[in-house]
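A closer look at the structure
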Amino acid sequence: TDTELQPHYATPLDRAAMPQDPALQNQIHYLQTQAHYPACRNTDVTYYGDTNAALEAQKTDLRKAQHLIFMEYHAIEDSIAWQGIEDILAERKAAAGVEVRVFYDDMGSIGFVDTAFAKKLQQRGIQCRVFNPIVPVLNVFMNNRDHRKITVIDGQVGYTGGYNLADEYFNLTHPYGRWKDSGVRLEGDAVRNLTLIFLEMWGTTQKEMPAIEPYLPAIRYTA
């Protein structure tokens, strides 16, 4: 829960340390007080206006992983774009003993993967869990979905943005016309937030919260 995770977050920035823009101050204040995700310094940000460029950069960083890879996506399609990533994940697990976890939304990936997908990943040494599996019963809880797009590498590099790991997001297929989306690469302290977000959601699939401290680098930024 948020209460259990709060001690692992950094001290929020106070007003004096925030940007001068009042709109940004209000957003940061809201995120810090209501969602408990502090604004971070000491973070390099790279914006990708093309999903293929973002994917290639993401794959390059995945190949460098030495300790952990966490991936959480609304939609994963077991096809061309994903297969390139899956092979890297399996290679890092086999070559360097990297801990690899993959988490996807069941409804978001409907039509993209089947029940054999998670088993295939586990056979390749990749931990895989599904958020809120679909059941053939009318239930409003089925509207509770995971729309996040997150990759964390060694707790130091993170990716997020608008693209899922399905072929249409990279214009390998065109079910809705040509797709335009973007991605963001983070390197530095802000990745800590992505790590905590992932572990919080991973914990929804088990009775106890997962271990947190082993996956959090030391905080370098100050209030």
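Everything below is about the structure printed above this text.
Residues numbered from 1 in each chain as written. Predicted model: local features only at pLDDT ≥ 70, side-chain atom pairs only at ≥ 80, totals over all residues. Heavy atoms only, no water.

**Quick look at the nonpolar core**
Taken as a class, soluble globular proteins show a tendency for nonpolar side chains to be buried jointly. We count it as follows: Each nonpolar core is a collection of buried residues, namely Ala, Val, Leu, Ile, Met, Phe, Trp, Tyr and Cys, held together in the definition by side-chain atoms within 4.5 Å. Per-residue accessibility, obtained with a 1.4 Å probe over protein chains only, is compared with the maximum for each type, and a residue is labelled buried under 20%, exposed over 50%, and partly exposed between these values. Only DSSP runs of H or I with at least four residues qualify as helices, and only runs of E with at least two residues qualify as strands; both kinds are numbered from the N terminus onward. Contacts: residue pairs with any heavy atoms within 4.5 Å of one another.
Ranked by internal contacts, the top residues of the largest apolar core, which has 33 residues, are Ile69, Ile76, Trp82, Ile85, Leu89 and Leu165. The set of elements that each furnish at least two residues to this core consists of helix 3 (51-63), strand 2 (68-73), helix 4 (80-96), strand 3 (99-105), helix 5 (116-123) and strand 6 (157-161). In terms of residue count, helix 4 provides more of this core than any other element does, 5 residues in total. Discounting chain neighbours no more than four positions away, the residues touching Ile76 are Trp82, Val102, Tyr104, Ser109, Phe112, Val113, Phe117 and Leu165. Of all hydrophobic cores here, the second largest spans 20 residues; its members include Tyr37, Val152, Ile197 and Ile212.

**Quick notes on the side chain of Lys59**
Topologically, Lys59 is positioned in helix 3. Beyond its immediate stretch of four places on either side in the chain, Lys59 contacts Ile85 and Ile88.

**Some words on the packing of helix 4 against helix 5**
Put simply, the rule is: As a rule, the C-alpha atoms of each element are fitted with a line to give its axis, helices using only the stretch in contact, and angles between N-to-C directions run from 0 to 180 degrees. An angle below 35 degrees is read as roughly parallel, one above 145 as roughly antiparallel, one from 65 to 115 as roughly perpendicular, and any other as oblique. Crossings are assigned a handedness: left-handed for a near helix turned anticlockwise from the far helix by less than a right angle, right-handed for a clockwise turn. Polar here means any residue outside two lists: the nonpolar Ala, Val, Leu, Ile, Met, Phe, Trp, Tyr, Cys and Pro, and the charged Asp, Glu, Lys and Arg; Gly therefore counts as polar.
Interhelical geometry of helix 4 versus helix 5 gives an angle of 30 degrees and a closest axis separation of 11 Å. Classified by the angle between their axes, helix 4 and helix 5 sit roughly parallel to one another. For the pair helix 4 and helix 5, the crossing hand works out as right-handed. Counting all contacts with helix 4, which are made through Trp82, Gln83 and Glu86, the residues of helix 5 involved are Phe117, Lys120 and Leu121. Classifying every residue of the contact of helix 4 with helix 5 by side-chain character gives 3 nonpolar, 1 polar and 2 charged.

**Here we look at helix 6 (residues 191-202)**
Just so we agree on the cut-off: Helix span is expected to be 1.5 Å times the residue number reduced by one.
The end-to-end C-alpha distance of helix 6 is 17 Å, a good match for the 16 Å that 12 residues give at a rise of 1.5 Å each. For helix 6, the tally of buried residues reaches 12 of 12 residues, placing the bulk of the element in the interior. Looking at helix 6, one finds that the buried residues are Val191, Arg192, Asn193, Leu194, Thr195, Leu196, Ile197, Phe198, Leu199, Glu200, Met201 and Trp202.

**Re helix 3**
Short version of the rule: For this analysis, a polar contact is any N or O atom pair within 3.5 Å, provided that within protein one partner can donate a hydrogen and the other can accept it, and provided that sequence-adjacent residues contribute only side-chain to side-chain pairs.
Counted at 1.5 Å a residue, the expected span for helix 3 with its 13 residues is 18 Å, and the 18 Å between its end C-alpha atoms agrees. Within helix 3, burial applies to Thr51, Ala54, Leu55, Ala57, Gln58, Lys59, Asp61 and Leu62. Buried residues along helix 3 sit against strand 1 (43-48), strand 2, helix 4, strand 5 (149-153), strand 6 and strand 7 (183-188). If you check the start of helix 3, you find a side-chain oxygen 3.0 Å away from the backbone N of Asn52, and it comes from Asp50.

**Digging into the packing of aromatic side chains**
Here is the rule: Centres within 6.5 Å are what make two rings of Phe, Tyr or Trp a pair, Trp counting through its six-membered ring; a difference in plane orientation under 30 degrees is then read as stacked, over 60 as edge-to-face, and the rest as tilted.
One pass over the structure, following the stated rule, counts 9 aromatic pairs. Between Phe103 and Phe131, the aromatic rings sit 6.2 Å apart at their centres with planes inclined by 70 degrees, giving edge-to-face as the arrangement. A residue pair is termed long-range when its members are at least 10 positions apart, and Phe103 in strand 3 and Phe131 in strand 4 (residues 127-131) qualify at 28 residues. In this structure, Phe103 and Phe131 share a single accessibility class: buried. Here a set of aromatic residues connected by ring pairs shows up, and it is made of Phe70, Phe103, Phe131, Phe198, Trp202 and Tyr215.

**Quick look at the pairing of strand 4**
Stated precisely, the cut-off is as follows: Between any two strands, pairing holds if DSSP finds at least two bridges. Handedness is read with the strands pointing away from the viewer; a crossover is right-handed when the path from the first strand over the helix to the second is clockwise.
Sheet analysis places strand 3 next to strand 4, joined by 5 bridges and oriented parallel. Along strand 4, the bridge assignment pairs Asp105 with Phe131. The handedness of the strand 3 to strand 4 crossover, carried by helix 5, is right-handed.

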